[in-house]
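# Coordinate analysis (summary)
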Amino acid sequence: MASPVDVVLGSIAFAIFWVLAVFPSVPFMPIGRTAGSLLGAMLMVLFGVVTPDEAYAAIDLPILGLLFGTMVVSIYLERADMFKYLGKLLSWKSMGPKDLICRICLISAISSALFTNDTTCVILTEFVLNIARQNNLPPHPFLLALATSSNIGSAATPIGNPQNLVIAVKGKISFGDFLIGILPAMLVGLLLNALLLLCMYWRLLSNPYIDENTAPVDTTSHENEMIPLVPNNALGSSALVITVTSSGDSSEGSDEEVPLLPDKQYRVRDHAFHVEYSSKSDQGNMETLTKTWKKTMWKPCVYLITLAMLISFLMGLDMSWTAITAALALMVLDYGDAQPCLKRVSYPLLIFFCGMFTTMHGFNKTGIPSTVWDLVKPYAKINDVMGIAVLAIVILVVSNLASNVPAVLLLGVPMSVSAAAISASHEKTAWLILAWVSTVAGNLSLLGSAANLIVCEQARHAPQLGYNLSFWTHLKFGFPSALVVTAIGLAIMIC
């Protein structure tokens, strides 16, 4: 233990961080999670628990680099319509509400494993809500399927969620070893989660499924709609034309140039046509080549680079630099200013991690976490079934009290040290158990995971589709699901 003064001051700094991280809008200081983590870090330095140099050294740059790189790749995948295609898969030839539940579970899990659970929930929540509303179905079973399956699926890879990034880097576990270690548990857990959803909401999902005369997910009507083809100040140019290209099922496309006159109005009556405008004087220049590149080759290149990044992860290359390299390659191939893309990176999350690393380092220096672990250690042995059960309970409780990423930073090192004393293989198993339990623990309550809160907030603020997923509605399903999936997954991992 540190000196009594450091213990008290370090505990105060950590308590302030914890309150603002778990309850970011507390009335007496509604500054949010990001500012709360920086405040906790600053107090650790001001109180003398850590020195400024120690505070900087506590920030794990490889984790931040990997997080930044995967964010940028996800942004370009969204621009390349990857998540739009995933959304269409949800309703394509659906055979009813129960089929839709299973699709949501599968697609959200796969997407989360590859593109992070938070990104998946941000993109797919409105799609899911839209489909439920269009088919006169209660939204909450489908929103629960999205949130819980995203968390379960994200457990399978180091890039699935932030705590897995920390575990992979701290535990020096390769992408392939991580995937092999958790994938079987994830698949069985996903199946169990879907079955629990079907059992709990079978009666609600047995209502007649309405699939006739429903609008598609994209409900924008193009019939007889005025299209703003050109800016008003350009209509005086007699050299301006529109090019209409058929994008229907015909194997032979046809282009037709139509002169655009300033005293006429133009309507497009068939949404199967792609319309663009250009100036004859500009045709054939670099801008035209850029447009052609983006229409024909850009999307395939985005998908290929993402695939190359995943293959590089499996080959054991440094994940942080691989993700940053993929992000920069996408910026270069976009052939334009990367500023709009970079503006969409979640910098508050990166700053939150910086403050959290320093705060957790300071709290660990007080000796409180190691003292508590010494009390639990005799009952939480990694080579004993009862010990693993005790360990899982500790992780579940700490993850829901302190959130999963702080839980990993608090428990990771003492767990790995205890397991390493048994064998190197047990050390890796300890890290993987921490990854599995801390991730699935997020399903226990609405506050247990950022993905849950994203689904809740996105659904609440969806235009014309708003739905409030309450804390108790989530808890009613999330509590049994988290316990069952965690237990069965652990049994598979240690067999």
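The residue numbers shown here count from 1 along each chain, following its written sequence. Side-chain atom pairs in this predicted model are given and counted only at pLDDT of 80 or more, local residue features only at pLDDT of at least 70, and totals for whole chains, interfaces and linings cover all residues. For side-chain calculations, the full set of non-hydrogen atoms in the structure is used, while hydrogens and water are omitted.

### A few points about empty space enclosed by the protein
The pocket and cavity definitions rest on a 1 Å grid over protein atoms only: a 1.4 Å probe that fits but cannot leave marks a cavity, an open set with protein on both sides within 12 Å along at least five of seven lines marks a pocket, and residues lining either have an atom within 4 Å of a point. Grid points are joined across faces, edges and corners, and a volume is the space filled by probe spheres set on the points. Tallied over the full model, the rule gives 1 cavity of 30 Å³ or more. Here the largest cavity is characterised by a volume of approximately 40 Å³. Mapped onto the lining of the largest cavity, the elements with two or more residues apiece are helix H4 (61-79) and helix H6 (97-115). Ranked by residue count, the leading element in the lining of the largest cavity is H4, at 4 residues. Residue composition of the lining of the largest cavity, by class: 5 nonpolar, 3 polar and no charged. We count a stretch as a helix when DSSP gives it H or I for four or more residues in a row; a strand needs E for two or more, and each element gets its number in order from the N terminus. Side-chain classes follow a simple rule in which Ala, Val, Leu, Ile, Met, Phe, Trp, Tyr, Cys and Pro form the nonpolar group, Asp, Glu, Lys and Arg form the charged group, and the remainder, Gly included, forms the polar group.

### Points about a nonpolar patch on the surface
Taken together, Leu 304, Leu 307, Ile 311, Met 315 and Leu 317 make up a surface patch of nonpolar side chains, about 510 Å² in accessible area. For Met 315, the position within the fold is in the loop between helix H13 (298-314) and helix H14 (319-334). For every residue, the accessible area obtained with a 1.4 Å probe (protein chains only) is divided by the maximum for its type, and the residue is called buried under 20%, exposed over 50%, and partly exposed between those limits. Judged by its relative accessible area of 62%, Met 315 is exposed. The patch calculation keeps residues exceeding 30% relative accessible area without a salt bridge and links them within 9 Å when they carry like charges or within 5 Å when they are nonpolar (Val, Leu, Ile, Met, Phe, Trp, Tyr). Accessible surface is estimated by sampling points in the Shrake-Rupley manner with a 1.4 Å probe; for residues, cover comes only from the protein chains shown. In what follows, salt bridge is the name for a side-chain nitrogen of Lys or Arg lying within 4 Å of a carboxyl oxygen of Asp or Glu.

### Points about the side chain of Thr 322
Within the secondary structure layout, Thr 322 lies in helix H14. In the analysis that follows, any N or O atom pair within 3.5 Å is treated as a polar contact, provided that within protein one partner can donate a hydrogen and the other can accept it, and provided that, for residues neighboring in sequence, both atoms belong to side chains. Within the local environment of Thr 322, its side chain forms a polar contact with the backbone oxygen of Asp 318, the two atoms lying 2.6 Å apart. Any two residues having at least one pair of non-hydrogen atoms within 4.5 Å are treated as being in contact. Residues contacting Thr 322, with those up to four places away along its chain left out, are Met 309, Ser 312, Phe 313 and Leu 317.

### Focus: the side chain of Ser 74
With respect to the helices, strands and loops of the structure, Ser 74 is situated in helix H4. Judged by relative accessible area, Ser 74 falls into the buried class, the value being 5%.

### Considering the packing of helix H18 (residues 385-402) against helix H20 (residues 424-440)
To get an axis, fit a line to the C-alpha atoms, keeping to the stretch in contact for a helix; angles then go from 0 to 180 degrees between the N-to-C directions. Relative to each other, H18 and H20 sit at 50°, their axes nearing to 9 Å. Here H18 is positioned oblique relative to H20, judged by the angle of their axes. Helix-helix and strand crossings are classified by hand; for H18 and H20 the assignment is right-handed. Contacts from Ile 388, Ala 392, Ile 395, Leu 396 and Ser 399 of H18 reach H20 at Ile 433, Leu 434, Val 437 and Ser 438. Along the lines of polarity and charge, the residues of the contact of H18 with H20 split into 7 nonpolar, 2 polar and no charged. Our angle categories are set so that under 35 degrees counts as roughly parallel, over 145 as roughly antiparallel, 65 to 115 as roughly perpendicular, and the remainder as oblique. Whether a crossing is left-handed or right-handed is set by the direction in which the near helix is turned from the far one by less than a right angle, anticlockwise for left-handed and clockwise for right-handed.

### Focus: the nonpolar core
Nonpolar cores were defined as sets of buried Ala, Val, Leu, Ile, Met, Phe, Trp, Tyr and Cys residues, with membership established by side-chain atoms within 4.5 Å. In this structure, Tyr 76, Phe 142, Phe 313, Phe 353 and Trp 436 are the most contacted members of the largest nonpolar core, which totals 127 residues. No other element matches the 10 residues that H4 contributes to this core. Once residues lying within four places of it in the same chain are set aside, the contact partners of Phe 353 are Ile 63, Leu 64, Leu 67, Pro 162, Val 166 and Val 405.

### Considerations on the pattern of salt bridges
As enumerated under the stated definition, the model contains 6 salt bridges in all. The residue Lys 170 makes a salt bridge to Asp 60 at a minimum N-O spacing of 3.6 Å. Of this pair, Lys 170 sits in helix H9 (residues 162-170) while Asp 60 sits in the loop between helix H3 (52-58) and H4; the two residues are 110 residues apart in sequence, bridging distant segments of the chain. Classification of Lys 170 by relative accessible area gives partly exposed; the value is 37%. Here Lys 299 and Asp 81 are joined by a salt bridge, their closest N and O atoms 2.6 Å apart. With Lys 299 in helix H13 and Asp 81 in the loop between H4 and helix H5 (82-91), this residue pair connects regions lying 218 residues apart in the sequence. The exposure class of Asp 81 is partly exposed, given its relative accessible area of 21%.

### Thoughts on unusual backbone geometry
Its identity is not glycine, yet Thr 116 carries a phi of approximately 75°, on the positive side. In this structure, Lys 172 is a non-glycine residue whose phi angle is positive, near 55°. In this structure, Lys 172 sits in the loop between H9 and helix H10 (175-200).

### Notes on the packing of H9 against H20
Packing of H9 against H20 leaves a shortest axis separation of 10 Å and a crossing angle of 175°. With respect to their mutual orientation, H9 and H20 come out roughly antiparallel. Of H20, the residues touching H9 (which contributes Gln 163, Asn 164, Ile 167 and Lys 170) are Trp 431, Leu 434, Ala 435, Ser 438 and Thr 439. Residues of the contact of H9 with H20, tallied by class, amount to 4 nonpolar, 4 polar and 1 charged.

### Some remarks on the confidence of the model for the chain
Scored between 0 and 100, pLDDT is the confidence that the predictor attaches to each residue. Per-residue pLDDT for the chain averages 80, and the proportion of residues at 70 or more is 82%. Averaged over each element, pLDDT in the chain is lowest for strand S1 (residues 225-226) (36) and highest for H10 (94). Taken as a whole, residues 209-283 scores under 50 in pLDDT and shows 104 contacts with residues more than four places along the chain or in a different chain.

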